[in-house]
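Residue-level structure breakdown
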Amino acid sequence: MTRNLTRLTRLIRPKSIAVVGGGEWCAEVIRQTEKIGFDGAIWPVHPKSPDIAGHKAYPSIDALPASPDATFIGINRHATIPVVRELAANGAGGAVCFASGFSESAAEDATSSDLQADLVAAAGDMPILGPNCYGLINALDGAAIWPDQHGCKRLDSGVAILTQSSNIAINLTNQQRGLPIAYVATCGNMAQLNQADIASAFLDDPRITALGLHIEGFTNLRAWEALATKAHTKGIPIVALKVGASDEAQAATVSHTASLAGSDAGAAALIKRLGFARVHDLPVFLETLKLLHLSGPLSAPTIASISCSGGEASLMADTALNSGLTFPPLTESQRSQLSDILGPMVALANPLDYHTYIWRDADAMAKAWSAMMTPEVGLTFSVVDYPPENRADWDCATDAAIKAHKTTGRPMAVVASLPELLPADVTQTLINGGVVPMHGLREAISAASATTQITAPETTPLALAPGSPPHTAQVLTEQDAKTALAAHGLDIPNGATVSGLSDLIKAAKTLTPPLVLKSQGIAHKTEAGAIKLRLTAADLPTAAQSMPTDRFLIEEMVSNTVAELLIGVTRDPAHGFVLTIAAGGTLTEVLSDSASLLVPASPETVRAALDSLKIAPLFTGYRGAPPANINAILQAIDSLQAYVLANLDSLQEVEINPLICTPTRAVAADALIRKDMS
């Protein structure tokens, strides 16, 4: 694929464009390319028409003056394949395949997948976008290989956006939020190029400041890991809008782990592992990219808010609740500065309601704003909604924000509580002054929070699930599962297995009560009455009589419990192996207190996941109770991962629930493994 990626530069930064086809879509490509100011050659290709959209048409690819850098192929799917083959043979830079009816139509047309394979074979090393996609817009160099209207304009630098949906791409280009969009590309079916490969090519342009990805699904995880490493090395942040949650992670339904992880757990864990910011809707997607372009990620998850209304101050405080952002309290120095500027009638706090005593005095307002913008604050917001008419009285707020930013050198944003009340001209004035215009309180807070998610990617390669999941997976007995896990270092209780009632007391002689009796072959023992606790050896025969099977496991009961955890791994074909860490025991689903990672997860990442749980205070000694042995918990999770890594080919799922955490141990009280036994 290296040659593809090298040649992809010609496709996204072309000096010559060929357009194959004579319909209205093809004519529109020519019009849009001219409209955005393309100064290279435009070569229509049509066997009968002498010209298209005012340009001389050539009868074939072979008749062109030179091999084109980029080609838009706007003809039917069957005719597309020989054209792609001819372009590849002539050394063309790449092509956009507009036609539909390939693999996306497999449910309606059994031949469409074969047609897509034929397309890839015809392309060879020549990169192709699509099929079933609009193409790309390069607003930096003025090239629009794009068959429809759009809102992009020429600029010197900006963000790149890559989507799988052409219609979403059109909508994004027409945003009115002041975001400079340098590249837009749609990837359609991704017959040949992975979405990460296309994104990687954008990173090679030094004029790109941030990258936004609308993702429906991940393929070729190694390419995504390479993209994350490249973006981090170049200092280009990536924002991901992941949609279309897959049910693949729920394929295994025997364990609690599968229901806890849910269909989106693998994607969420992957995005976090790659160091991307994740957002969940288009407005926040745009606001996050804009904040990154103009200001970069927040240096700390701290914010300050300034408004002339107590209501707006309260809205900001409530909007930021549970966002991961905090409002640092004012220092004595700040209080002194603000008191001198605002007078004695203003209650000083962060968020700050400065009333309107200094309204229209841009210098005084700027001094107040500057006092709020300390180095400890990641981003300061000024809440201003501009009226549609007679806005002159609001110019002071614009001027103050710009002056405060220039005085302090700290990041500053002006946010309208209603997105439509930040006009386009004010937006541009703020941008010119180095201030970030933001549309909507929720969008602004969410965007600021998203930038704090941007981190260095994890360097250890993901454990990938090879091939298809095993179809012959079987559930091991609890004792066999524990023995397999113990071989990788997991702490398990002392125990013995027995068939029938007669040998129960004899088997228990070497064990120290209190004892636990379990009926084997039952996945969810509590619901089935297959477990009894706090027994002596003499209690065993009576307890066993009501059990649902005649195969038993007797174990020493673990005492001094501090907390119960669930730790489990499910095979997720789309993302690898999802490690779930959760509050365990019989109330696992009720508590819904979990975190998901991907295998292998580092001890530092695992510890952060443990600390994120609601039950985390139990680990350190809650209300005078003894703390859990954190090192033992980490060792147990490491042992679980070691087992997974040793059984990648056959494993479907593995779960320990509960992992009983005590002041000295972390013991697997129950275990489940489902794997291919062939």
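Up top is the structure these notes are about.
Let me begin by describing the structure that accompanies this report. (Residues numbered from 1 in each chain as written. Predicted model: local features only at pLDDT ≥ 70, side-chain atom pairs only at ≥ 80, totals over all residues. Heavy atoms only, no water.)

We now examine the overall build of the protein chain. Looking only at helices and strands, the protein chain features 24 helices and 30 strands. Its C-alpha atoms give the protein chain principal-axis dimensions of about 95 × 80 × 35 Å. For the protein chain, with 678 residues in total, the buried portion stands at 57%. Of all intrachain contacts in the protein chain linking residues separated by at least 6 positions in sequence, the fraction that spans at least 24 positions is 72%. Of the roughly 27,000 Å² of accessible surface on the protein chain, 52% is carried by carbon and sulfur atoms. Taking the 46 positively charged and 65 negatively charged side chains of the protein chain as two groups, their mean positions are separated by 3 Å. (Helix = DSSP H or I, 4+ residues; strand = E, 2+ residues; numbered from the N terminus. Buried < 20%, exposed > 50% of the residue type's maximum accessible area, 1.4 Å probe, protein only. Contact = heavy atoms within 4.5 Å. Areas by Shrake-Rupley, 256 points an atom, 1.4 Å probe, with all protein chains shown as cover. Lys, Arg positive; Asp, Glu negative; His and termini not counted. Charge placed at Lys NZ, Arg CZ, Asp CG, Glu CD.)

Counted by the stated rule, this structure contains 0 disulfides. A disulfide-free cysteine, C152 has its sulfur positioned 15 Å from the sulfur of C133, the nearest such atom. C308 carries a free sulfur, and the closest cysteine sulfur to it, the one in C396, is 9.0 Å from it. A relative accessible area of 30% means that C308 is categorised as partly exposed. (Disulfide = S-S within 2.5 Å.)

This part takes up helix α3 (residues 77-89). Between its terminal C-alpha atoms α3 stretches 19 Å, which fits the 18 Å expected from 13 residues at 1.5 Å a residue. Residues of α3 that are buried: R77, T80, I81, V83, V84 and L87. Looking at the buried side of α3, the elements it contacts are β1 (16-20), β5 (70-73), β6 (95-97), α4 (112-123) and β7 (128-129). Directly after α3, the chain includes G91, whose backbone phi takes a positive value near 75°. (Expected span 1.5 Å × (residues − 1).)

This paragraph deals with the packing of aromatic side chains. In the structure shown here, the tally under the stated rule is 9 aromatic pairs. Between F98 and Y134, the aromatic rings sit 5.9 Å apart at their centres with planes inclined by 50°, giving tilted as the arrangement. In this pair, F98 is assigned in the loop between β6 and α4 and Y134 in the loop between β7 and β8 (136-138), connecting sequence segments 36 residues apart. For the residue pair F98 and Y134, the accessibility class agrees, reading buried in each case. (Phe/Tyr/Trp six-rings, centres within 6.5 Å; stacked < 30°, edge-to-face > 60°.)

Attention now goes to a nonpolar patch on the surface. Together, L587, V590 and L591 make up an exposed nonpolar region whose accessible area comes to about 290 Å². Along the chain, L591 turns up in helix α21 (residues 588-591). With relative accessibility at 40%, the residue L591 sits in the partly exposed group. (Patch = residues over 30% accessible without salt bridge, like charges linked within 9 Å, V, L, I, M, F, W, Y side chains within 5 Å. Salt bridge = Lys/Arg side-chain N within 4 Å of Asp/Glu carboxyl O.)

In terms of nonpolar packing, the biggest core is built from 87 residues, with F202, L213, W224, L227 and F276 touching the most fellow members. Non-local contacts of W224, meaning those with residues more than four positions away in its chain, are made with N194, Q195, A196, L213, I215, F218, T219, L274 and F276. By size, the runner-up hydrophobic cluster in this structure holds 47 residues, among which are A563, L579, L613 and L640. (Core = buried A, V, L, I, M, F, W, Y, C linked by side-chain atoms within 4.5 Å.)

Okay, the packing of helix α6 (residues 195-203) against helix α7 (residues 221-234) next. Between α6 and α7, whose axes approach to 9 Å, the crossing angle comes to 20°. Here α6 lies roughly parallel to α7, going by the angle between them. For the element pair α6 and α7, the recorded crossing hand is left-handed. Here Q195, A196, D197, A199, S200 and L203 of α6 lie close against α7, whose contacting residues are A223, W224, L227, K230, A231 and K234. (Axes fitted to C-alpha atoms, helices over the stretch in contact; angles between N-to-C directions. Parallel < 35°, antiparallel > 145°, perpendicular 65-115°, else oblique. Left-handed = near helix turned anticlockwise from the far one by under 90°.)

What follows is about the environment of H55. Relative to the helices and strands, H55 resides in strand β4 (residues 55-56). Take H55: its relative accessible area is 19%, and that puts it in the buried class. Sequence separation of H55 and A41 is 14 residues, and the distance between their C-alpha atoms is 10.0 Å. Leaving out residues up to four positions away in the same chain, H55 has contacts with I30, E34, I42, P44 and P50.

Before going further, it helps to examine the packing of helix α11 (residues 310-320) against helix α16 (residues 441-451). To characterise two packed helices, one gives the angle between the axes of the helices and the distance between these axes. Remark: α11 packs on α16, axes separated minimally by 10 Å, with the N-to-C direction vectors making an angle of 45°. Taken together, the axes of α11 and α16 are oblique relative to one another. Where α11 crosses over α16, the two elements pack in a sense that is right-handed. On the side of α11, the interface is formed by L315, M316, T319 and A320, while α16 contributes L441, R442 and I445. Classifying every residue of the contact of α11 with α16 gives 5 nonpolar, 1 polar and 1 charged. (Nonpolar A, V, L, I, M, F, W, Y, C, P; charged D, E, K, R; others polar.)

Moving on, we get to the sheet that holds strand β15 (residues 303-307). In spatial order, the strands read β16-β15-β17-β18-β19; together these 5 strands make up an open sheet with parallel pairing. Bordering the open sheet on either side are β16 (352-353) and β19 (436-439), each of which pairs with just one other strand. Alignment of strand β17 (residues 379-383) against strand β18 (residues 412-416), held across 4 bridges, turns out to be parallel. By the bridge assignment for β18, T380 is matched with M412. (Pairing = 2+ DSSP bridges.)

Quick look at the sheet that holds strand β21 (residues 495-499) now. Pairing is antiparallel across the open sheet formed by 4 strands, whose spatial order is β21-β24-β22-β23. The open sheet terminates on both sides in strands that have one partner only, identified here as β21 and β23 (531-535). For this sheet, the mean angle separating the axes of adjacent strands, direction not counted, is 20°.

All right, on to the pairing of β18 then. Buried residues dominate β18, accounting for 5 of its 5 residues. Burial along β18 is two-sided: M412, V414 and A416 facing one way and A413 and V415 facing the other are all buried. In the sheet, β18 pairs with β19 via 4 bridges, with the strands oriented parallel. Bridging across to β19, V415 finds its partner in M438.

The next point concerns unusual backbone geometry. A cis amide bond links G130 to the next residue, P131, at an omega of 5°. For P131, the position within the fold is in the loop between β7 and β8. Omega for the bond connecting P513 with P514 falls within 30 degrees of zero, at 5°, which places this linkage in the cis form. With respect to the secondary-structure elements, P514 resides in the loop between α18 (504-508) and β22 (515-519). Even without being a glycine, N220 presents a positive backbone phi close to 55°. Here N220 is to be found in the loop between β12 (208-215) and α7. Here the phi dihedral of R623 falls at roughly 50°; this positive angle occurs in a residue that is not glycine.

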